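Each chain is listed here by its residues.
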There are 2 protein chains.
Amino acid sequence: MEKQTITIYDVAREANVSMATVSRVVNGNPNVKPATRKKVLEVIDKLDYRPNAVARGLASKKTTTVGVIIPDVTNMFFSSLARGIDDVATMYKYNIILANSDENSQKEVQVLNTLLAKQVDGLIYMGNDISDNIRQEFSRSKTPIVLAGSVDPDEQVGSVNIDYVAAVEAATTQLIKSGSTQVALVTGSLAQPINGQYRLQGYKQALAKAGLAYDESLVFESEYSYHAGLALFPQLQKSGATAAIVGDDELAVGLLDAALDAGVKVPEEFEIITSNNTKLTEMARPQLTSIDQPLYDIGAVAMRLLTKMMNKEDIDAKTIRLGFDITTRQSTK
Amino acid sequence: MEKQTITIYDVAREANVSMATVSRVVNGNPNVKPATRKKVLEVIDKLDYRPNAVARGLASKKTTTVGVIIPDVTNMFFSSLARGIDDVATMYKYNIILANSDENSQKEVQVLNTLLAKQVDGLIYMGNDISDNIRQEFSRSKTPIVLAGSVDPDEQVGSVNIDYVAAVEAATTQLIKSGSTQVALVTGSLAQPINGQYRLQGYKQALAKAGLAYDESLVFESEYSYHAGLALFPQLQKSGATAAIVGDDELAVGLLDAALDAGVKVPEEFEIITSNNTKLTEMARPQLTSIDQPLYDIGAVAMRLLTKMMNKEDIDAKTIRLGFDITTRQSTK
DNA sequence: CTTTTGCTTAAAAACGGTTGCGTTCATTTC
DNA sequence: GAAATGAACGCAACCGTTTTTAAGCAAAAG
């Protein structure tokens, strides 16, 4: 005795109209006489009818669902973006399918394909690295895609980010001005464009403008995690650095804690500027000075851009660069 | 010149078989002659055919998608659960639609309905409070539901959690044993069952067993946020408490930082045990002792339970209680 | 050699909607 | 009063699968 699901047909019969008419009132189509609309609405209410979104999706070729590929929800940086994405998605009546990729190119391709199979209307991709595999899939697919908090060197798809070069340059300059001549750059894999290309460039520019020589031994590649920071600090010390630009907040907190645990005073003996301004920066003691990327906004704007693309509206620019700031706290003098 | 999407029909024609046969090979149905299977597979590959999951969903009444209602992805507690959920979902070929609810009962009902309209095969609900509204929707719907990290007083739906009473009792006892007679309980709204019923009960039991009187002025209701912790600490001090059980890690870090900022030594003058053992507990200095809920596992097990329910397998018990521990760090003596 | 049996496969009916097109009918217009 | 207009609405094709039913056919059985 299954609870028979009731369909648009049942409503039509009960209201003495055709399915088409019911469909119209459900979709707010104006071509329905008010009296008819009222009657249909009553029946819908009485029967407790809920349109089947899957059938709708098949017929209309729209699912009002977007796929979101995220490296790890557990990472504050990405979850902040995700929150921005979901909020404006909801605002525009979309839902998001969230899929963790662990920045693993295979998983990414895999997940991208199932997302496309599910006929998502659009896609948002987060991740530091855009592998060739995934890039290939991107250009093959005709569903709109936008990158959030990531850059696409060859602007195939939409993207929302900040000016990483300028941000790191500003941060580095600040550290130099406060007296450090040995500023370390601690970041993710240099093979990834954001790190290897942009951050490194900003770093070098700041050095150049300050008349300092670029010293490769002050550049550190590291995983983005608390423990990696803890483990890395001794090497930083050995390098003679007295300050560091760090690419990730968890990593920065690790460095900070390691410094503290080693009796190194922050910021007196060692200064730190981190990159994401997540809640973590406030929770640390001393609080961390950070490049202030508007994470939530990046997500929100990315989703907004995506809605425009899905509506086939005209886009002024496929890539949007949001402003950034440097929020000074206690890890810098 | 739209890139014509190719359908199962195209494959059938090209391979000189019927759609049914193509469907069979796609779904791994054994009733296909190897030679035929091979031919179909070749055509699929050649045409780059991808089954349309929406059509599939309509025909089979299964979407291989589950809805996940989460208060806020940005909160480590919930995102850890979410990660566990997604991982086993992926393992079982499901995708998750993630929807933030902000613990707002209206949004929850709203989102629940759109999730059901989208024909999700199952639902996972996270949230401290189960409002009457949402409970009503739960019992009305016949799609499987399980709660993750939350309790359902009247066991309507599945649920995975730990024994909150025992956990808080153990933590409180530990604090008492180390010398505190004035242990504060800092938690979320007492109107929510987990806090008002379970945590409070565990707290009282520990006091009783230690022969201490229950003092209402040592119980604090607070929002779960870092800033709330910062603001609350002075009141804690005023109450004369020398230790606290805290219901949330961010909140606990707030309390800790406020104590440190006020020159109160932790753990010498004030001890703290927090509840979720998220990464935050390690990042704080001193590191926070915490009840160790297996967050990831709770999510994972919840999803596993859900898969069983979706398969209509027999379930031994609708509610699963996972074990907990107390991980001792530096915020206790 | 005819009848069963069992494996493959084809045909076609769902699944629950959307939507273009055509029809109906009450109003206007001439 | 007949013709034209336009608003409401019904018809039916279609969306891309799954799944049931039955047919075809070769091998086994009698």
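This is a predicted model, so every value here is computed, not measured.

1. Details of the sheet that holds strand 7 (residues 219-221) of chain A
Residue and element names in this part refer to chain A.
No. 1: Pairing is mixed across the open sheet formed by six strands, whose spatial order is 7-6-8-9-10-12. Edge positions in the open sheet fall to strand 7 and strand 12 (325-327), since each of these has one partner strand only. The mean inter-strand angle of the sheet, taken between neighbouring strand axes irrespective of direction, is 20°.
No. 2: Relative to strand 8 (residues 243-246), strand 6 (residues 183-187) runs parallel, the two being bridged by four bridges.

2. Observations regarding the protein's contact with DNA strand D
No. 1: In the neighbourhood of DNA strand D, 29 residues make up the surrounding shell, with A:T21, A:R24, A:T36, B:I8 and B:S23 lying closest.
No. 2: Sugar plus phosphate, as a fraction of atoms of DNA strand D within 4 Å of the protein: 63%.
No. 3: At 3.3 Å from a base oxygen of DNA strand D is found a main-chain nitrogen or oxygen belonging to A:A59.
No. 4: At 3.5 Å from a phosphate oxygen of DNA strand D is found a side-chain nitrogen or oxygen belonging to B:T5.
No. 5: If you list the elements that add at least two residues to the surface near DNA strand D, you get helix 2 (19-26) and helix 4 (53-60) of chain A together with helix 2 (19-26) and helix 4 (53-60) of chain B.

3. Quick notes on the UniProt feature "domain: HTH lacI-type" (unreviewed entry) in chain A
No. 1: As annotated by UniProt and renumbered to match this structure, "domain: HTH lacI-type" (unreviewed entry) occupies residues 6-60 of chain A.
No. 2: Between the first and last C-alpha atoms of residues 6-60 of chain A the distance is 20 Å; the span itself is 69% helix and 0% strand.

4. What about the protein's contact with DNA strand C?
No. 1: Around DNA strand C, the structure places 29 residues, and the nearest of them are A:I8, A:S23, B:S18, B:R24 and B:T36.
No. 2: At the protein interface, 61% of the atoms of DNA strand C within 4 Å belong to sugar or phosphate.
No. 3: B:K61 places a polar side-chain atom, nitrogen or oxygen, 2.8 Å from a phosphate oxygen of DNA strand C.
No. 4: For the surface near DNA strand C, the elements supplying multiple residues, two or more each, are helix 2 and helix 4 of chain A together with helix 2 and helix 4 of chain B.
No. 5: For the surface near DNA strand C, the per-class residue count stands at 12 nonpolar, 11 polar and six charged.

5. Topic: empty space enclosed by the protein
No. 1: In the structure shown here, the tally under the stated rule is nine cavities of 30 Å³ or more.
No. 2: Within this model, the largest cavity holds a volume of roughly 250 Å³.
No. 3: Taken together, 14 residues make up the lining of the largest cavity; nearest its centre are A:V54, A:T63, A:K118, B:V54 and B:K118.
No. 4: Where the lining of the largest cavity is concerned, the elements lending two or more residues are helix 4 of chain A together with helix 4 of chain B.
No. 5: Partitioning the lining of the largest cavity into residue classes produces seven nonpolar, five polar and two charged.

6. Details of helix 1 (residues 8-15) of chain A
Residue and element names in this part refer to chain A.
No. 1: Buried residues of helix 1: I8, D10, V11, A12 and A15, and no others.
No. 2: For helix 1, the secondary structure elements touched by its buried residues are helix 2 and helix 3 (34-47).
No. 3: Residue T7 occupies the N-cap position of helix 1, its side-chain oxygen lying 3.0 Å from the main-chain nitrogen of Y9.
No. 4: Immediately downstream of helix 1, the backbone of N16 shows phi near 60°, a positive value.

7. A look at the interface of chain A and chain B
No. 1: Opposite the 52 residues of chain A that make contact, chain B presents 53 residues.
No. 2: Inspection of the region where chain A meets chain B yields 12 salt bridges.
No. 3: Taking the shortest distance from any N to any O, the salt bridge between B:D257 and A:R285 comes out at 3.1 Å.
No. 4: Elements that contribute at least two residues to the side of chain A that touches chain B include exactly helix 4, helix 5 (76-91), strand 2 (95-100), helix 6 (105-117), helix 7 (132-140), helix 10 (226-239), helix 11 (249-261) and helix 12 (279-283) of chain A.
No. 5: The element contributing the most residues to the side of chain A that touches chain B is strand 2 of chain A, with six residues.

8. Structural notes on helix 11 of chain A
Each α-helix winds once per 3.6 residues, and so residues spaced three or four apart point in a common direction.
Residue and element names in this part refer to chain A.
No. 1: The terminal C-alpha atoms of helix 11 lie 18 Å apart, and with 13 residues this matches the ideal 18 Å at 1.5 Å per residue to within 8%.
No. 2: The element helix 11 is largely enclosed, with a buried count of 11 among its 13 residues.
No. 3: All of the buried residues along helix 11 are D249, E250, L251, A252, V253, G254, L255, L256, D257, A258 and A259.
No. 4: Put simply, D248 is the residue that caps the front of helix 11, since its side-chain oxygen is 3.0 Å from the backbone nitrogen of E250.
No. 5: At the exit of helix 11 stands G263, carrying a positive phi of roughly 80°.

9. Quick notes on the relation of the copies chain A and chain B
No. 1: Superposing chain A onto chain B takes a rotation of 180° plus a shift of 0.0 Å along the axis, which leaves an RMSD of 0.1 Å. Taken together, the rotation and translation relating the two chain copies correspond to the operation of a two-fold axis. Among all residues of chain A, the one whose C-alpha sits closest to the rotation axis is A:I97, at a distance of 2.1 Å.
No. 2: By residue overlap, the copies meet face to face through one surface: 100% of the interface positions of chain A are interface positions in chain B.

10. Notes on the pattern of salt bridges
No. 1: Scanning all chains against the criterion turns up 30 salt bridges over all chains.
No. 2: Here A:D102 makes a salt bridge to A:K107, at a shortest N to O gap of 2.7 Å.
No. 3: Given the relative accessible area of 35%, A:D102 is considered partly exposed.
No. 4: Here the residues in one salt-bridge network are A:D72, A:D102, A:K107, B:R83 and B:D87, joined through shared partners.

11. Some words on the environment of A:V266
No. 1: With respect to the helices, strands and loops of the structure, A:V266 is situated in the loop between helix 11 and strand 9 (271-274).
No. 2: In this structure, the C-alpha to C-alpha distance between A:V266 and A:T242, residues 24 residues apart in sequence, is 9.9 Å.

12. Details of the packing of aromatic side chains
No. 1: Evaluated as defined, the whole model comprises eight aromatic pairs over all chains.
No. 2: Relative to A:F138, the ring of A:Y125 lies with its centre 5.6 Å away and its plane at 80°, an arrangement referred to as edge-to-face. A residue pair is termed long-range when its members are at least 10 positions apart, and A:Y125 in strand 3 (residues 122-125) and A:F138 in helix 7 qualify at 13 residues.
No. 3: Ring plane angle 75° and centroid distance 5.4 Å describe the contact between B:F233 and B:F270, whose orientation is recorded as edge-to-face. Of this pair, B:F233 sits in helix 10 (residues 226-239) while B:F270 sits in the loop between helix 11 (249-261) and strand 9 (271-274), and the two are 37 residues apart along the sequence.
No. 4: Residue class for B:F233 comes out buried when judged on its relative accessible area of 2%.
No. 5: By relative accessible area, B:F270 is classed as buried at 3%.
No. 6: A cation sits over an aromatic face here: A:K204 above A:Y214, 4.7 Å from the ring centre.

Cut-offs and rules
- Residues numbered from 1 in each chain as written.
- Chains lettered and ligands numbered in written order.
- Predicted model: local features only at pLDDT ≥ 70, side-chain atom pairs only at ≥ 80, totals over all residues.
- Heavy atoms only, no water.
- Pairing = 2+ DSSP bridges.
- Helix = DSSP H or I, 4+ residues; strand = E, 2+ residues; numbered from the N terminus.
- Axes fitted to C-alpha atoms, helices over the stretch in contact; angles between N-to-C directions.
- Near = heavy atom within 4 Å.
- Polar contact = N/O pair within 3.5 Å; in protein donor to acceptor, adjacent residues only side chain to side chain.
- UniProt positions renumbered as here; feature names shortened; annotations may be inferred.
- Nonpolar A, V, L, I, M, F, W, Y, C, P; charged D, E, K, R; others polar.
- 1 Å grid on protein atoms, 1.4 Å probe; cavity = no way out; pocket = protein on both sides within 12 Å on 5 of 7 lines; lining within 4 Å.
- Points joined across faces, edges and corners; volume = space filled by probe spheres on them.
- Buried < 20%, exposed > 50% of the residue type's maximum accessible area, 1.4 Å probe, protein only.
- Contact = heavy atoms within 4.5 Å.
- Salt bridge = Lys/Arg side-chain N within 4 Å of Asp/Glu carboxyl O.
- Expected span 1.5 Å × (residues − 1).
- Least-squares fit on C-alpha atoms with pLDDT ≥ 70 in both.
- Phe/Tyr/Trp six-rings, centres within 6.5 Å; stacked < 30°, edge-to-face > 60°.
- Lys NZ or Arg CZ within 6 Å of the ring centre and 35° of its normal.

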